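Working through the structure, step by step
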Amino acid sequence: MVRANGAVSLRELARVVQTSEVTVRRDVRALEAEGLLDRRHGGAVLPGGFTRESGFPQKSHLATAEKTAIADLAASLVEEGEAVVVGAGTTTQELARRLARIPGLTVVTNSLLVAQALAHANRVEVVMTGGTLRGSNYALVGSGAEQSLQGLRVSRAFLSGSGLTAERGLSTSNMLSASVDRALVQAAAEVVVLADHTKLGTDTMFQTVPTDVITRLVTDDPPAHDDRAATELQALADQGVQITVAGGAAGSGTGGEGAPPGRQPRRDAPLPGQRRTHGGTGPGPQTRRGASASASTGMLAEQPGERARVADLRHR
């Protein structure tokens, strides 16, 4: 699965092999120790360097539940009559489906998929950029797209990407896509990044939005064991990014607020620091990874059933 898609979430692996995420995580550590893949927050990618970009068919099947929750929450940030920019991506496509229910919107986009989701929306005006079609993600890119955004001003830009770190901000694997995303950012008063927990701590080649430009991050709740994702969220919050987590109890966390009736409950961070204290003191993520990988390898040597499962993961 990793070879075919470039990346896969632990939840998806657990579903495919019909076992728990805890078990899959241990097996992934063993495969990483053998150099067959690299672990990322909540998932695994092909080994070596920056992650490569998956095509739209592969991305559309990754972290679907998380993307749905993020889109529900992001849509609750938009008011009737606003003008917004929506970039390309599978998460922003989910957002567009929800924006179709908000009357009086003007949505500027370079994504054919976003435009398609809004095509039959009542009282929603869709403005497409120019540009050259990039078939892998159905987005318009190039100088035509960038020039069409000059002089534009909207209240918010909703963007996704391939990775997000506190050090570099949002990034993507394609130079043309990154250039258009930067132009979309210039057109907005606020920048809202939509990224599920598997993208936290992942760094790709081309920076699109520096951390100090990101107003808000809308993400899902990382698994309780994912200390690295929690640490990344805390680092983002420390740099002034508002963290809004889908699926949390309304009004919890610092700066939390009650959810309006009929809208997705949300919680505003900094929450990751609370989660991180549960782990207490101890070695950093890299130390834990090495120790866990060694322990997993030893356990696999003793348990034939686990060897068989890891072999099954290799084939997948």
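Residues numbered from 1 in each chain as written. Predicted model: local features only at pLDDT ≥ 70, side-chain atom pairs only at ≥ 80, totals over all residues. Heavy atoms only, no water.

Judged by side-chain polarity, Leu-112, Met-128, Leu-133 and Tyr-138 come together as a nonpolar surface patch covering roughly 330 Å² of accessible area. According to the relative accessible area criterion, Tyr-138 is partly exposed, its value standing at 35%. (Patch = residues over 30% accessible without salt bridge, like charges linked within 9 Å, V, L, I, M, F, W, Y side chains within 5 Å. Areas by Shrake-Rupley, 256 points an atom, 1.4 Å probe, with all protein chains shown as cover. Salt bridge = Lys/Arg side-chain N within 4 Å of Asp/Glu carboxyl O. Buried < 20%, exposed > 50% of the residue type's maximum accessible area, 1.4 Å probe, protein only.)

To continue, consider the sheet that holds strand S11 (residues 169-172). The three strands lie next to each other as S10-S11-S13, forming an open sheet whose pairing is antiparallel. Each end of this open sheet is capped by a strand with a single partner; those strands are strand S10 (163-165) and strand S13 (206-209). The sheet shows a mean angle of 40° between the axes of neighbouring strands, taken without regard to direction. (Pairing = 2+ DSSP bridges. Helix = DSSP H or I, 4+ residues; strand = E, 2+ residues; numbered from the N terminus. Axes fitted to C-alpha atoms, helices over the stretch in contact; angles between N-to-C directions.)

The next subject is the nonpolar core. Judged by nonpolar contacts, the single largest core of 30 residues is most densely connected at Leu-159, Leu-164, Val-193, Val-209, Leu-217, Leu-236 and Ile-243. Of all the secondary-structure elements, those providing two or more residues to this core are strand S9 (154-159), helix H9 (175-186), strand S12 (188-194), helix H10 (227-238) and strand S15 (242-246). Those residues in contact with Leu-164, other than ones at most four positions away along the chain, are Gly-169, Leu-170, Val-193, Ala-195, Lys-199, Leu-200, Gly-201, Thr-202, Ile-214, Leu-217, Glu-232 and Leu-236. Judged by nonpolar contacts, the second largest core, of 24 residues, contains Ala-74, Leu-77, Val-78 and Val-86. (Core = buried A, V, L, I, M, F, W, Y, C linked by side-chain atoms within 4.5 Å. Contact = heavy atoms within 4.5 Å.)

Take the packing of helix H2 (residues 10-17) against helix H3 (residues 21-33) next. Working note: a packed helix pair is described by the angle between its axes plus the distance between those axes. Direction vectors running N to C along H2 and H3 enclose 105°, while the axes themselves pass 9 Å from each other. In terms of their interaxial angle, H2 and H3 are classed as roughly perpendicular. Between H2 and H3, the contacting residues are Leu-10, Arg-11, Leu-13, Ala-14 and Val-17 on the first element and Glu-21, Val-24, Arg-25 and Val-28 on the second. Residue composition of the contact of H2 with H3, by class: six nonpolar, no polar and three charged. (Parallel < 35°, antiparallel > 145°, perpendicular 65-115°, else oblique. Nonpolar A, V, L, I, M, F, W, Y, C, P; charged D, E, K, R; others polar.)

With a phi angle near 55°, Gln-18 is a residue other than glycine that sits in the positive phi range. Along the polypeptide, Gln-18 turns up in the loop between H2 and H3. A relative accessible area of 74% places Gln-18 in the exposed class. Phi angles above zero are rare outside glycine, and Tyr-138 is one such case at about 55°. You can see Tyr-138 is positioned in the loop between strand S7 (132-134) and strand S8 (139-141).

Bridging between S10 and S11 involves three bridges; their strand directions are antiparallel. Counted as the bridge partner of Gly-163 is Ser-171 from S11. With antiparallel pairing between neighbouring strands as the criterion, S10 and S11 make up a hairpin whose turn holds three residues. Note: S11 against S13, three bridges, orientation antiparallel.

Turning to the confidence of the model for the chain, a few remarks are in order. Note that predicted coordinates carrying low pLDDT should not be read in detail. Across the chain, the average pLDDT comes to 77, with 67% of residues at 70 or higher. Every residue in residues 56-61 scores below 50 in pLDDT, and together they form 16 contacts with partners more than four places removed in sequence or on other chains. For the stretch residues 248-266, pLDDT sits under 50, and the model shows 42 contacts to residues farther than four places along the chain or on other chains. (pLDDT = per-residue confidence, 0-100.)

On to the pairing of S9, then. Among the six residues in S9, five count as buried, and that is most of the element. In the sheet, strand S4 (residues 83-86) pairs with S9 via three bridges, with the strands oriented parallel. When the bridges of S9 are listed, Val-86 appears paired with Phe-158. Pairing of S9 with S12 involves five bridges; the strand directions are parallel. Considered in S12, the bridge of Leu-159 is made with Val-193.

One way to put it is that helix H5 (residues 64-75) packs onto helix H6 (residues 90-99) with a least axis distance of 8 Å and a crossing angle of 50°. What the angle tells us is that H5 and H6 run oblique. Of the two possible hands of crossing, H5 and H6 adopt the one that is right-handed. Side by side, H5 and H6 meet where Lys-67, Thr-68, Ile-70, Ala-71, Asp-72, Ala-74 and Ala-75 of the first sit next to Thr-90, Thr-91, Glu-94, Leu-95, Arg-98 and Leu-99 of the second. Its residues assigned to classes, the contact of H5 with H6 comprises six nonpolar, three polar and four charged. (Left-handed = near helix turned anticlockwise from the far one by under 90°.)

Where charged atoms from two side chains of opposite charge come close, those side chains can pair. All told, the structure shown has six salt bridges when counted by the stated rule. Put simply, Glu-82 and Arg-156 hold a salt bridge, and the shortest N to O gap is 2.8 Å. Within this pair, whereas Glu-82 is found in the loop between H5 and S4, its partner Arg-156 is found in strand S9, the two being separated by 74 residues in sequence. Exposure remark for Glu-82: the relative accessible area of 12% places this residue in the buried category. Across the salt bridge formed by Arg-168 and Asp-203, the nearest N and O atoms sit 2.5 Å from each other. With a gap of 35 residues between them, Arg-168 in the loop between S10 and S11 and Asp-203 in the loop between S12 and S13 connect regions that are remote in the sequence. One salt-bridge network, held together by shared partners, links Asp-72, Glu-94, Arg-97 and Arg-98.

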